[in-house]
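# Examination of the molecular architecture
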Amino acid sequence: QVQLVESGGGLVHPGGSQRLSCAASRNIFGITVFSIKDLGWYRQAPGNQRELVAAISLDGSTNYTDHVKGRFTISRDNAKTMVYLQMNNLKPDDTAVYYCNIVPATDRYWGQGTQVTVSS
C-alpha cells in the first residue's frame, strides 16, 4: 500500500557532499504518508544498530543526532511526495546504508535503502 524508495547514494570522498532522496507512493485517499506523519532518515553501518539521524515534524521543525548536527539537513517538498537529506562535510564514519521511514519507524516501510560510502 505504502512504498518508500531511497536513492542518491554512492561513493564520496571525505569532506564531500551528497543528497539523498526518498519518494513516497500515494494511498487510497490520494495523499502520501509524508502529509500525515513525522519523517526521518535512518542509517545502519556494518556491525551497528540502525539509528535515526535526522527527523522532520509535521510543522516543519527538524532534529538531528549530535554526530550529524551542522552537517546534515532534512527537508520535504511542497507536494509532500519527496523527502531529502543533504549531507555535507562527509566523514568515513558516515558510511552506512541510509533509509527513510516515519518517526517512530514501522517495519512495513523499510526498503532496500541506499548505500553511502565515504572513503579516499
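Reference entry: report on the structure contained in this document. Predicted model only: the values in this text are computed from it and were never measured. (Residues numbered from 1 in each chain as written. Predicted model: local features only at pLDDT ≥ 70, side-chain atom pairs only at ≥ 80, totals over all residues. Heavy atoms only, no water.)

A few words now on the state of the cysteines. Per the counting criterion, the structure on display carries 1 disulfide. Each disulfide pairs two cysteine sulfurs, and for cysteine 22 the partner residue is cysteine 100, the sulfurs being separated by 1.9 Å. Torsion about the S-S bond of the cysteine 22 and cysteine 100 cystine: about 55 degrees, corresponding to right-handed handedness. Taken together, the positions of cysteine 22 in strand 3 (residues 18-24) and cysteine 100 in strand 9 (residues 96-102) put the pair 78 residues apart, joining distant regions of the chain. (Disulfide = S-S within 2.5 Å. Helix = DSSP H or I, 4+ residues; strand = E, 2+ residues; numbered from the N terminus.)

The next subject is the sheet that holds strand 2 (residues 10-12). As summarised here, the arrangement of the 6 strands in space is 2-10-9-4-5-6, forming an open sheet in which the pairing is mixed. Strands at the two margins of the open sheet, each flanked by one partner only, are strand 2 and strand 6 (62-64). Geometrically, the sheet is characterised by an average inter-axis angle of 25 degrees between neighbouring strands, direction not taken into account. In terms of strand pairing, strand 9 meets strand 10 (residues 114-118) through 3 bridges, oriented antiparallel. (Pairing = 2+ DSSP bridges. Axes fitted to C-alpha atoms, helices over the stretch in contact; angles between N-to-C directions.)

With that settled, the discussion passes to the nonpolar core. Membership of the largest hydrophobic core comes to 28 residues, with the highest contact counts inside it found for Trp41, Leu85 and Tyr98. For this core, the secondary structure elements donating two or more residues are strand 3, strand 4 (39-44), strand 5 (51-56), strand 7 (72-76), strand 8 (82-87), strand 9 and strand 10. The element contributing the most residues to this core is strand 9, with 4 residues. The residues contacting leucine 85, other than those within four sequence positions of it, are Gln18, Arg19, Leu20, Trp41, Ala54, Phe72, Thr73, Ile74 and Tyr98. (Core = buried A, V, L, I, M, F, W, Y, C linked by side-chain atoms within 4.5 Å. Buried < 20%, exposed > 50% of the residue type's maximum accessible area, 1.4 Å probe, protein only. Contact = heavy atoms within 4.5 Å.)

Another aspect to go through is a nonpolar patch on the surface. Taken together, Ile28, Phe29, Ile31 and Ile36 make up a surface patch of nonpolar side chains, about 470 Å² in accessible area. By the secondary structure assignment, isoleucine 36 is in the loop between strand 3 and strand 4. (Patch = residues over 30% accessible without salt bridge, like charges linked within 9 Å, V, L, I, M, F, W, Y side chains within 5 Å. Areas by Shrake-Rupley, 256 points an atom, 1.4 Å probe, with all protein chains shown as cover. Salt bridge = Lys/Arg side-chain N within 4 Å of Asp/Glu carboxyl O.)

Geometry only, nothing functional implied.
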